[in-house]
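Chain and residue survey
Chain residues, written in single-letter form:
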Amino acid sequence: MNAIRKAGTLLLGAALTAGCAERNTPTAPRVPGADAAVAAQNGTSLVEVSRPNAVGTCDDGFASGAWSIDEAEEPVVAVNPVRAGNIVAAWIQGPFQNLVGAASFDGGQTWQRVPVPLTTCAGGQFLIAGDVWLSFAPDGILYGIAVSGNALSSLLPEVLKSTDGGLHWAASVPPGSSNVDPPADHPSVTADPTNASLVYAIWNGTKSPHSSAAVFSRTTDGGSTWEPARAIVETPSQSFIQFSQVFVLPNGTLVDLYEFYVQQPNGPITQTTLQLLRSTDHGQSWSTPVTFVTMTPRYTPEGFTLVVDPETGQLVKDPTNPSFAVDLRNGNLYAVWEDGRFANFQYNDIAFSMSADGGASWSAPIRVNQTPLNIPVANRQSFLPSVAVGANGTIGVSYYDFRLNDPHPGLPTDRWLIQCHTGSNGAATDPACWTGEARLTNSSFNMEAVVPNFGGFFLGDYFGLASARNDFVATFTQPDGDNVTSVFFARNANK
């Protein structure tokens, strides 16, 4: 089965690279120092935050893929609403062995790394931890959630809490058991911005080998107790839920946004949509699912988004996770994802849609990435987006692309931030609003230096983007100067 999937993936990759080979003409050489100058002009600053490794040389023996214990992946970031200089990042350290957090109290200039005490190397009881998510409550208490366990088949969610801005962590009371089988996947936690006692947790659960559920729990006392977890939506056979996240509208309504897809055993994905549920009683009851967007990514045969090295055809591992955000001023909801519709399915761009009425209706998807269209087709691939909203309503979307790739060895890759200043630049549904692109990477990194895992270069399933007042702060992964895949923090200053 794996051999068949591998063969199909390579054929797709070869088709993409061959289709643009004749147009892959030489480009002007890069000028030393010019990359950093571009970043400085765009008002970005870049800091490596995951090295040195906060757990040192500790190795609990669990191995998933080919990572060393120094490799880091899948970072998230959150900003304290009480103290804007307090920014916290967290990520997977090593081969799913540990979670590490880092706290900054000067707006991201300096960081203190802290092992999260779930795994044996950090003083906990488990061998495995991953899929971390963060959310600050309005009183400055920080909540986290992650999956942990001693086998990949039995991972369960664990809620975390920090009362000092991310310097120390304690396991909160975990959500109660549910009728949904492990393993849990992609948990997220949302602290209610209007009530510090309310925190909501949601994750993907397994109903059977061929269906899944969104599993929900909440606390009404600031994490002292959690209600028994329960499935708030269950999928039919051969369909699955991915990446649920709860958002709170200004009127207190909860909206759960998630990806829904249909896939036959050992077959391709035949349908992908974005759906939502709504609760008007703080999560006690939920509406039936509503589909609001049809996604049309270009897929590999096994159902991952097709992103390939333009020269070699090697996959970049990409699970097609969408990203969502809410404007706390007016309740506008935003969604971004990878989509092939804008390029006649030659490659994926970053699509954007929004709702100005709490999710009742959504705008037609538009392309928002600014990847040039006058470069070779395979270099136009854009992937792994994140979205966030500034305090002034500016929308930011970050993503990777290969626009600076050239015929020289290696695969130059960068992460970018595009913004829409709603009002002054028009509506977010207008492509003309999306201007002022900033380069988050100081210089291009070589994607081919990322350690391949799970059949492709693996940077993570998702990446952090948040607002510090009107600035955007981002966490993402790239190889550092020692070719160790590491977590970097960037801040883009808005005047």
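Now for a look at the structure at hand. From a predicted model like this one, the values you see are computed outputs, not experimental measurements. Once a new chain begins, its residue numbering starts again from 1 and follows that chain's sequence as written. With pLDDT at 70 or above as the cut-off, local features in this predicted model cover only qualifying residues; side-chain atom pairs require 80 or more to be listed or tallied, and sums for whole chains, interfaces and linings still use all residues. Note that water and hydrogens are dropped before the side-chain values are worked out from all heavy atoms of the structure.

**Points about the layout of surface pockets**
Cut-off, in case you're wondering: Cavity: a set of points on a 1 Å grid over the protein atoms alone where a 1.4 Å probe fits but cannot get out. Pocket: an open set with protein on both sides within 12 Å along at least five of seven lines, its lining residues, like those of a cavity, having an atom within 4 Å of a point. Grid points are joined across faces, edges and corners, and a volume is the space filled by probe spheres set on the points. Every helix listed is a DSSP run of H or I at least four residues long, and every strand listed is a run of E at least two residues long, numbered separately from the N terminus. Each residue receives one of three labels: charged for Asp, Glu, Lys and Arg, nonpolar for Ala, Val, Leu, Ile, Met, Phe, Trp, Tyr, Cys and Pro, and polar for the others, Gly being one of them.
Here the second largest pocket defines a volume of roughly 1,200 Å³. Along the walls of the second largest pocket sit 48 residues, with Val79, Leu328, Val389, Ala466 and Ser467 positioned nearest its centre. Secondary structure elements with two or more residues in the lining of the second largest pocket: strand S2 (72–79), strand S6 (128–136), strand S10 (181–191), strand S14 (239–248), strand S18 (323–326), strand S22 (382–389) and strand S29 (464–468). Of the residues contributing to the lining of the second largest pocket, the split by class is 34 nonpolar, ten polar and four charged.

**Concerning the packing of aromatic side chains**
Note the cut-off: Here a Phe, Tyr or Trp ring, Trp counted by its six-membered ring, pairs with any other such ring whose centre lies within 6.5 Å, and the pair is stacked when the planes are under 30 degrees apart, edge-to-face when over 60, and tilted otherwise. Any residue under 20% of the maximum accessible area for its type is buried, any over 50% is exposed, and the rest in between are partly exposed; the area is computed with a 1.4 Å probe on protein chains only.
The tally for this structure, following the rule as stated, stands at 20 aromatic pairs. Note on Trp67 and Phe96: the rings are 5.4 Å apart at their centroids and 65° apart in plane angle, and the pair reads as edge-to-face. Highlighted residues: Trp67 in the loop between strand S1 (44–48) and S2 and Phe96 in the loop between strand S3 (87–93) and strand S4 (98–104), separated in sequence by 29 residues. Owing to a relative accessible area of 14%, Phe96 belongs among the buried residues under this scheme. Ring centres 5.5 Å apart and planes at 80° place the aromatic pair Tyr400 and Phe463 in the edge-to-face group.

**Some points on unusual backbone geometry**
Looking along the chain, the bond that leaves Arg51 and enters Pro52 is cis, with omega of 5°. Tracing the backbone shows Pro52 in the loop between S1 and S2. At Phe243, a position not held by glycine, the phi torsion is positive, near 65°. Position of Phe243 relative to the elements: it lies in strand S14.

**Notes on the pattern of salt bridges**
To keep it simple, the criterion reads: Between Lys or Arg on one side and Asp or Glu on the other, a salt bridge is scored when a side-chain nitrogen of the former is within 4 Å of a carboxyl oxygen of the latter.
Following the criterion strictly, the structure yields eleven salt bridges and no others. As a salt-bridge pair, Asp480 and Arg51 come within 2.7 Å of each other at their nearest N and O atoms. Linking Asp480 in the loop between strand S30 (471–479) and strand S31 (485–492) with Arg51 in the loop between S1 and S2, this pair joins segments that are 429 residues apart in sequence. By relative accessible area, which is 10% here, Asp480 ends up buried. Put simply, Lys317 and Glu302 hold a salt bridge, and the shortest N to O gap is 3.9 Å. Placement of the pair is Lys317 in the loop between strand S17 (290–294) and S18 and Glu302 in the loop between S17 and S18, with a sequence separation of 15 residues. Sharing partners across several salt bridges, the network here consists of Arg51, Asp480 and Asp482.

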